[in-house]
Amino acid sequence: MATTVIPAARPTFLAAAIREAALAGAVAFLLAFPLLGFALVDIPGGITVAPRFDWVVIATVAVFVGRFLLVLWRHLRPESFGQVFRVPKITAIGPFAVNDVIGWLLAAFAMVLPFLPIADRYIIDIAISVLIYVMLGWGLNIVVGLAGLLDLGYVAFYAVGAYSFALLAIHFDFSFWQALPLAGVFAAAFGVLLGFPVLRLRGDYLAIVTLGFGEIIRLVLLNWNSFTGGPNGISQIPRPSFFGFPFTRTPPEGVTAFHQLFGVDFNFMHRTYFLYYVILGLALITNLFSMRVRRLPLGRAWEALREDEIACRALGINPTNTKLSAFAIGAMFGGFAGSFFATRQGFISPESFTFIESAIILAIVVLGGMGSQLGIVVAAAFLILVPEFGRDFAQFRMLVFGAAMVLVMIWRPQGLVAHREPSIRLKPVDRRAA
Amino acid sequence: MEYFVQQLINGLTLGAIYGLIAIGYTMVYGIIGMINFAHGEIYMIGAFISVITFTLLGLGGVTWAPLSILIVLIVAMAFTSVYGWTIERIAYRPLRGSFRLAPLISAIGMSIFLQNYVQLTQGAKIKTLAPVVQGTIPLLQSESGFTVAISYLQIIIILLTVALMAGFTYVIQMTPLGRAQRACAQDLKMAALVGVDVDRTISLTFVMGAGLAAVAGVMVTMYYGVVDFFIGFLAGIKAFTAAVLGGIGSLPGAMLGGLLIGLIEAFWSAYFSIEYKDVATFAILVIVLIFLPTGLLGRPEIEKV
């Protein structure tokens, strides 16, 4: 008897799956019809519309089949489905030791990368870009991951850092190393300036206000022509020197160049290597800081505040000051990264500091698993490398970013790559020793 | 004086458009307490669908303006509503009960996705539409020869907004759906306990918000005649500012806030500087949130354990 029940149940299930898939397909058709089905085409003297119904058919069929397979898969493998998509149980020590090892290996790899045979100028340049985003991700992570404040205008601090270095260097002849701390201070000051009035706001209001602040900074940079150069930006920002020894073949009279100092032949790669190690150092400092600060009362207060603000108040933590410090410190690292960006590019303009940039940095933090240091490295590398190596893919990059942010929130809000290391690890007590 | 009146008319028209978008923000925030960051994109999609429909109607030979506007309104509202419904279903419903920033991050992802979807399918260039309604009515004339005029299009926009607001107020105040929405806004759990279908109510709220945003998109297409994939971002922020200024969760507040933002923008551009008009809007948002977090018509919100 039991064997006859199962075949009898199948058709109704299949019918249900087909019905659900048909519904999804119908919705997909309605969504695709106006925007995929017709393309606006410019013609002399106006626009016209070109039909593209094959795309609509493809989209509809793809959604139908996809939905059908998803329903089928959920039905046939219910146990494994639950395991994949449910938050994994956090075990105290196991996976984190692995993460530590991977972290050290990655750091060692980054240290020796310029000496590896694969390292040509192109590879090092990409590595520098990745490291800038890693640093920005770690900096934003202090604000979003640790303190739980959603900052949609992080790029404003990046811009403040970049412009303060550029202006200091051009008008007052500051070197990179003199301007770097000042750029950080300026960015932190802007963080405090913005944070002080708005940090009392609820989380999502705060997000919108930071977004507005980021746009205000960009618009001011764009329109204040006499000070910032307006849309043309600032060019001829001084290139970095090795603590006062420039990377030039023929230095001016009385100045020792880098290759003369070390008695090696001139090589234009020296400057690239130097830039690489500067950003690696800056990024590792950011990382070290965020790892250590979590062991300090300040870092503990940030994380406590993220979890429950009212309980924190009851415990006597001042929410405004605590949030403000997270905001200022995150901004400071953004400012450092900004001045590095300015000296590396030699040219900055408001173009580089749009909301999309903020969104990319936020995507790195979110996809990496908010609060996970290693996850941010992997996410940054992924987001920068994939469009770099697949040029055809580049135009779909932001589309995929957006979709990935939605899917990550639904399936693995703790991040794709890794999860946050717990603040305190309770080691099992060794009773024999006691 | 004449210049002032002219700016007043322009500002009111702009404000009507912002107000319609702001209603979508305020309704969603009132019911599920999240900022629907993708709402600006919904408006942008509405604008694109209306450009496509206008062009198709032009090719099909429908040139009588009232008929084509009516058809475009219906088509844009219908398709845009499907977008609103789907976004809620895919990106927000699975996140109810997740941690608080999850829906906002998901909404930002959705917004980025939709922007790039439209950019990829319709191209990044600005699309220009030939004017649908032309002609103005002169109202006042000064000695210096400056004429204050209201265009037929401005009259259409303002009348349509008033009509939609009236219809909307009726739905919210008088129908079972409106009662369910108000119940959900007060307390989702209690509403579910007394038999309100919460999922359906939230879905319909998104559909209604999307429909109004589509109307705003149609209006903007006719008013400015240009559309690109990025218009949703700025309009969304401004409409959100309007919703906050009016008191988030309050429908008349959203309209009032929209009109105020429209007027401020028009006067700021006319008397101060056109470059900094967006800075003015963002500054208002910050100032309102700091000094008047409940807005003009909102109720204070108390956070409890």
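Note: the structure precedes this text.
Let me begin by describing the structure that accompanies this report. From a predicted model like this one, the values you see are computed outputs, not experimental measurements.

1. Re the overall build of chain A
Thinking step 1. Of regular secondary structure, chain A possesses 18 helices and two strands.
Thinking step 2. The 434 residues of chain A split such that 49% are buried.
Thinking step 3. In chain A, 73% of the contacts between residues at least 6 apart in sequence involve partners at least 24 apart.
Thinking step 4. Summing over all exposed atoms, chain A offers an accessible surface of approximately 21300 Å²; the carbon and sulfur share of this is 68%.

2. Here we look at the interface of chain B and chain A
Thinking step 1. With 64 residues of chain B at the interface, the matching set in chain A holds 56 residues.
Thinking step 2. Summed over both partners, the interface of chain B with chain A buries about 5600 Å², with 78% contributed by carbon and sulfur atoms.
Thinking step 3. Taken together, chain B and chain A are joined by zero salt bridges.
Thinking step 4. Joining chain B to chain A, the criterion identifies five residue pairs in polar contact (both at pLDDT 80 or more).
Thinking step 5. Of all the elements in the fold, those that place two or more residues in the side of chain B that touches chain A are α2 (39-60), α3 (65-92), α4 (102-122), β1 (127-128), α9 (231-246) and α11 (277-291) of chain B.
Thinking step 6. A total of 16 residues in the side of chain B that touches chain A trace back to one element, the largest contributor, which is α4(B).
Thinking step 7. Here the residues of the side of chain B that touches chain A sort into 46 nonpolar, ten polar and eight charged.

3. Some thoughts on the environment of I364(A)
Residues and elements named next belong to chain A.
Thinking step 1. Mapping I364 onto the fold places it in helix α15 (residues 355-367).
Thinking step 2. Residue classification places I364 among the buried positions, given a relative accessible area of 0%.
Thinking step 3. With residues near it in sequence (within four places) discarded, I364 still touches Y133, I376, A379, A380 and L383.

4. A short note on a nonpolar patch on the surface
All names here are of chain B.
Thinking step 1. A cluster of nonpolar side chains, contributed by M1, Y3, F4, L8, L12, F146, Y271 and F272, occupies part of the molecular surface with about 800 Å² of accessible area.
Thinking step 2. At four residues, the largest contribution of residues to the nonpolar patch is made by helix α1 (residues 2-32).
Thinking step 3. In this structure, Y271 sits in helix α10 (residues 251-271).
Thinking step 4. Given a relative accessible area of 43%, Y271 falls into the partly exposed group.

5. What to know about the pattern of salt bridges
Oppositely charged side chains can pair when the atoms bearing their charge come close.
Residues and elements named next belong to chain A.
Thinking step 1. For the structure on display, the rule yields 15 salt bridges over all chains.
Thinking step 2. Here E303 makes a salt bridge to R306, at a shortest N to O gap of 3.4 Å. Taken as a pair, E303 and R306 lie in helix α12 (residues 297-307) at a separation of three residues, close to a single helical turn.
Thinking step 3. Linking E309 and R313 is a salt bridge whose minimum nitrogen-to-oxygen distance equals 3.0 Å. With E309 and R313 both in helix α13 (residues 309-314), this residue pair falls four residues apart, about one helical turn.
Thinking step 4. Note on R313: relative accessible area 52%, which makes it exposed.
Thinking step 5. Each of R294, E303, R306 and E307 takes part in a single network of salt bridges with overlapping partners.

Parameters at a glance
Residues numbered from 1 in each chain as written. Chains lettered and ligands numbered in written order. Predicted model: local features only at pLDDT ≥ 70, side-chain atom pairs only at ≥ 80, totals over all residues. Heavy atoms only, no water. Helix = DSSP H or I, 4+ residues; strand = E, 2+ residues; numbered from the N terminus. Buried < 20%, exposed > 50% of the residue type's maximum accessible area, 1.4 Å probe, protein only. Contact = heavy atoms within 4.5 Å. Areas by Shrake-Rupley, 256 points an atom, 1.4 Å probe, with all protein chains shown as cover. Buried area = accessible area lost by both parts, 1.4 Å probe. Salt bridge = Lys/Arg side-chain N within 4 Å of Asp/Glu carboxyl O. Polar contact = N/O pair within 3.5 Å; in protein donor to acceptor, adjacent residues only side chain to side chain. Nonpolar A, V, L, I, M, F, W, Y, C, P; charged D, E, K, R; others polar. Patch = residues over 30% accessible without salt bridge, like charges linked within 9 Å, V, L, I, M, F, W, Y side chains within 5 Å.

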